[in-house]
Amino acid sequence: MRKSILTRLNNWIIFLLMTVVVVTIVVASTILINFLRKEEIKRVDILVSALKFQQEVTPSLEVQELILKIYSSNNTIPMIVLDKDDRPMVHKNIPQEIENDPVQITLLAKKMAKSYPPIEIKIPEGNNQFVYYDNSRLLNDLRYSPFILGFFILCYFLFSFWFLRTIKKTDEGYLWAGLAKETAHQIGTPLSSMIGWMEIMKLDNPESEGVHEMEKDIERLRTISERFSKIGSVPELNDMNFNETIVENYNYLKTRISKKINFSLHLPTYTILVPHNKILMSWVIENLVKNAVDAMKGEGTLDMSVFERNKNILIEVKDSGSGMTKQQARNAFKPGYSTKKRGWGLGLSLARRVIHEYHNGDIKVSQTEVGKGSTFRITIKKA
C-alpha cells in the first residue's frame, strides 16, 4: 500500500512539473508576442507622426528623404489612409488582389478598426485623414504559436512518460519470468529426489493411504514446477476439453480447503471446447479460489460457474467474503499490490498475464461490495 501511495505521489509530481514547464513556455511566448505588438504600434506612431509633419509643414529636401525612408521601412505592417469621406489615399502591405479596388480597400480599413482605433491626422483645411492599421502577418501567426508549442511539448512529455513506463513494465516482465524459471529449477532438484524416495516407500507398503496422498502432492509439486517454467515462454494451447480442466481443479481444491466452506461447481451439460493450456489455466483457477478462501477467512460460500455467452466462455468465481473497495478492485491485478499483511501481490498479477498474454482473454473483478463478497470473471474465446 505504501509503495502504491509513493508511486501515485511521484506521478503527480511529474505531472505538476510538466504542467509548470508548459505553462511557463506559453506565458513567456505570450509576453514576447505582446512586446512585439507594442513595438509595431510604436512603429505606426512614428510613421503617423512623419505623415502629420509632412502635412502640416513644408519640409526641406533632407526631411522629405527621411520621411520617405520611414515610410519605406515599413514592409510588414498593413496600413491604409482614408480621407474624411472614406476614400483611400495611401495604402501599404495589403493583399495584392484588392490594391486597385477602392471599395475593398475601404472595407478592409473598417475591418482593421475593430483591432485598433484609427489615428487621425488633422489638416489645416479640414480635410482630415485617418490611418488604419493592423498586426503584421507574422505577428498574427505568432499568436497561436504558444499554444501549438505547448501542445507539442506536452505530447513529448506524455510520450516520454509512456515510453519510460513501458520500459519499466518490460523490465519487470523479464524479472518475473526469470524469477519464475529459477524457482522451477530450484524445485526440480528436491522433487526428483522425493519421487525416488516415494518409489522406495511404495515397494515397502504399496497400499498405504499416506503414500498415495503424498504421491498426489508430489504430482501437484510437479505441476507447480511446470507452471513456473512456462512463465516467460509461449505455451502451447493444445488442450481442448475445458470441462475436464475445471473439474480436475475443482476436485483437487475441494479436498484441500476448509470444510466450513460450501464449495460448489456449476457446469453446462455439454462439453465446452476451448484451446487452452491446462497447467496455466489450473494455476489461474487455483489463485482465484485461494484468494476467495482468504477473503472468507476459511468460512462461507464459494461458487464456481462456467457458462457460454455469445462466442465467449465465462468462468466466474464468487465468494461471500469481505469484499473490496473500488480502489482495491482497481489495483487488484497490479504487481506487488496485496491487501494481506503477508501477501506478495503476485498471484492475481500472474493470473492476468496468463489470461491476457497467453490466452488472449480478459480477467476482472466483475462485482464486489464491502462485507458481501466479490466475483471474479474470466472471459476467453471458445473454439
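As a convention, each chain's residues are numbered from 1 in the sequence order in which they are written. In keeping with the predicted nature of the model, local features appear solely for residues at pLDDT of at least 70, side-chain atom pairs appear and are counted solely at 80 or more, and the whole-chain, interface and lining totals rest on all residues. Side-chain calculation: all heavy atoms of the structure are included, whereas hydrogens and water are not.

J.: Explain the overall build of the chain to me, please; I cannot follow it from the model alone.
T.: Numbering goes from the N terminus for both helices and strands, where a helix is a DSSP run of H or I of at least four residues and a strand is a run of E of at least two. Scanning the chain from N- to C-terminus turns up 10 helices and 11 strands. Type-normalised accessible area, obtained with a 1.4 Å probe on protein chains alone, sets the label of each residue: buried when under 20%, exposed when over 50%, and partly exposed for intermediate values. When burial is assessed residue by residue, the chain has 35% of its 383 residues classed as buried. Contacts between residues were defined by any pair of non-hydrogen atoms, one from each residue, lying within 4.5 Å. Of the contacts formed within the chain by residues at least 6 apart in sequence, a portion of 67% connects residues at least 24 apart. Carbon together with sulfur atoms contributes 59% to the accessible area of the chain, which is approximately 24000 Å² in total. Method for areas: the Shrake-Rupley scheme with a 1.4 Å probe, in which residue coverage is limited to the protein chains shown.

J.: Is there a simple way to explain unusual backbone geometry in this structure?
T.: What you tend to see is this: most non-glycine residues have negative phi, and most peptide bonds are trans. In this structure, Asp 86 is a non-glycine residue whose phi angle is positive, near 65 degrees. Take Asp 86: it is sitting in the loop between β1 (79-83) and β2 (88-92). Backbone geometry at Asn 93 places phi at a positive 60 degrees, although glycine is not the residue there. Counting through the fold element by element, Asn 93 comes out in the loop between β2 and α3 (102-112).

J.: Can you help me understand the sheet that holds strand β8 (residues 300-309) in this one?
T.: Pairing between sheet strands relies on hydrogen bonds along the backbone, with the strands arranged either parallel or antiparallel. What makes two strands pair is DSSP finding at least two bridges between them. One open sheet accounts for five strands, arranged β6-β8-β9-β11-β10; its pairing is mixed. At either margin of the open sheet sits one strand with a lone partner, and together these are β6 (261-266) and β10 (362-369). Strand-to-strand twist of the sheet, defined as the mean angle between neighbouring strand axes without regard to direction, takes the value 15 degrees. Judged from the six bridges that link them, β6 and β8 form a sheet pairing that is parallel. Residue pairing across strands places Ile 261 opposite Gly 300, the latter belonging to β8. A fitted line through C-alpha atoms represents every axis, and for helices the fit uses only the stretch in contact; the resulting angles, taken between N-to-C directions, go from 0 to 180 degrees. With respect to the sheet, helix α8 (residues 278-296) is in contact with β6, β8, β9 (312-319), β10 and β11 (373-381), its orientation differing from that of β8 by roughly 145 degrees.

J.: Any chance you could explain the packing of helix α7 (residues 242-254) against α8 here in plain terms?
T.: The angle between the axes and the distance between the axes are what describe a pair of packed helices. In contact at an axis separation of 10 Å, α7 and α8 are set at 45 degrees when each is read in the N-to-C sense. Taken together, the axes of α7 and α8 lie oblique to each other. α7 and α8 meet at a crossing whose hand is right-handed. Seen from α7, the contacting residues are Phe 242, Glu 244, Thr 245, Ile 246, Glu 248, Asn 249 and Leu 253; seen from α8, they are Lys 278, Met 281, Ser 282, Ile 285, Glu 286 and Val 289. Put simply, angles under 35 degrees are roughly parallel, angles over 145 are roughly antiparallel, angles from 65 to 115 are roughly perpendicular, and the rest are oblique. Left-handed describes a crossing in which the near helix is turned anticlockwise from the far one by less than a right angle; the clockwise case is right-handed.

J.: Can you help me understand the packing of aromatic side chains in this one?
T.: For any pair of aromatic rings, the description consists of the separation of the ring centres together with the inter-plane angle of the planes. By convention, a stacked pair of Phe, Tyr or Trp rings (six-membered ring in the case of Trp) has centres within 6.5 Å and planes under 30 degrees apart, an edge-to-face pair has planes over 60 apart, and any other such pair is tilted. Tallied over the full model, the rule gives three aromatic pairs. Between Tyr 116 and Tyr 133, the aromatic rings sit 5.0 Å apart at their centres with planes inclined by 15 degrees, giving stacked as the arrangement. Of this pair, Tyr 116 sits in the loop between α3 and β3 (119-121) while Tyr 133 sits in strand β4 (residues 129-133); the two residues are 17 residues apart in sequence, bridging distant segments of the chain. Considered together, Tyr 116 and Tyr 133 belong to a single accessibility category, that of buried residues.

J.: Explain the side chain of Asn 277 to me, please; I cannot follow it from the model alone.
T.: When you line up the elements, Asn 277 lands in the loop between β7 (273-276) and α8. Owing to a relative accessible area of 5%, Asn 277 belongs among the buried residues under this scheme. At a separation of 3.2 Å, a polar atom in the side chain of Asn 277 contacts the main-chain amide nitrogen of Ile 279. N or O atoms closer than or at 3.5 Å make up a polar contact, with two conditions inside protein: a donor-capable atom paired with an acceptor-capable one, and, for residues adjacent in sequence, both atoms drawn from side chains.

J.: Please clarify how the environment of His 276 should be interpreted in this entry.
T.: If you trace the backbone, His 276 turns up in strand β7. With 38 residues separating them along the chain, His 276 and Asn 238 place their C-alpha atoms 6.2 Å apart. Among residues more than four places away in sequence, those in contact with His 276 are Glu 236, Leu 237, Asn 238, Asp 239, Met 240, Asn 241, Phe 242, Thr 245, Met 281 and His 359. Polar side-chain contacts of His 276 include one of 2.6 Å to the backbone oxygen of Val 274.

J.: Explain the sheet that holds β2 here, please?
T.: Spatial ordering of the open sheet is given by β2-β1-β4-β3, a layout of four strands whose pairing is antiparallel. Bordering the open sheet on either side are β2 and β3, each of which pairs with just one other strand. Pairwise comparison of adjacent strand axes, ignoring direction, gives a mean angle of 20 degrees for this sheet. Judged from the four bridges that link them, β1 and β2 form a sheet pairing that is antiparallel. If you follow Ile 80 over to β2, its bridge partner there is His 91. With respect to the sheet, α3 is in contact with β1, β2 and β4, its orientation differing from that of β1 by roughly 105 degrees.

J.: Teacher, can you tell me more about helix α10 (residues 347-359) here?
T.: Working note: α-helix, 3.6 residues per turn, so residues spaced by three or four point in the same direction. Expected helix span is given by 1.5 Å per residue-to-residue step, counting one fewer step than there are residues. For α10, with 13 residues, the first-to-last C-alpha span of 17 Å sits near the 18 Å given by 1.5 Å per residue. Every buried residue belonging to α10 is among Leu 348, Ser 349, Leu 350, Ala 351, Arg 353, Val 354, Ile 355, Tyr 358 and His 359, and all of these are buried. With its phi angle positive at about 50 degrees, Asn 360 sits one or two positions after the end of α10.

J.: Hey, could you run me through the packing of α8 against α10 in this one?
T.: Interaxial distance between α8 and α10 falls to 9 Å at its minimum, and their mutual angle equals 145 degrees. Relative to α10, the crossing made by α8 is left-handed. Judged by residue contacts, Leu 280, Met 281, Trp 283, Val 284, Asn 287, Leu 288 and Asn 291 of α8 engage Gly 347, Leu 348, Leu 350, Ala 351, Val 354, Ile 355, Tyr 358 and His 359 from α10. Note that Gly is not counted as nonpolar here; it falls among the polar residues with everything else outside the nonpolar set of Ala, Val, Leu, Ile, Met, Phe, Trp, Tyr, Cys and Pro and the charged set of Asp, Glu, Lys and Arg. Residue composition of the contact of α8 with α10, grouped by class: 11 nonpolar, four polar and no charged.

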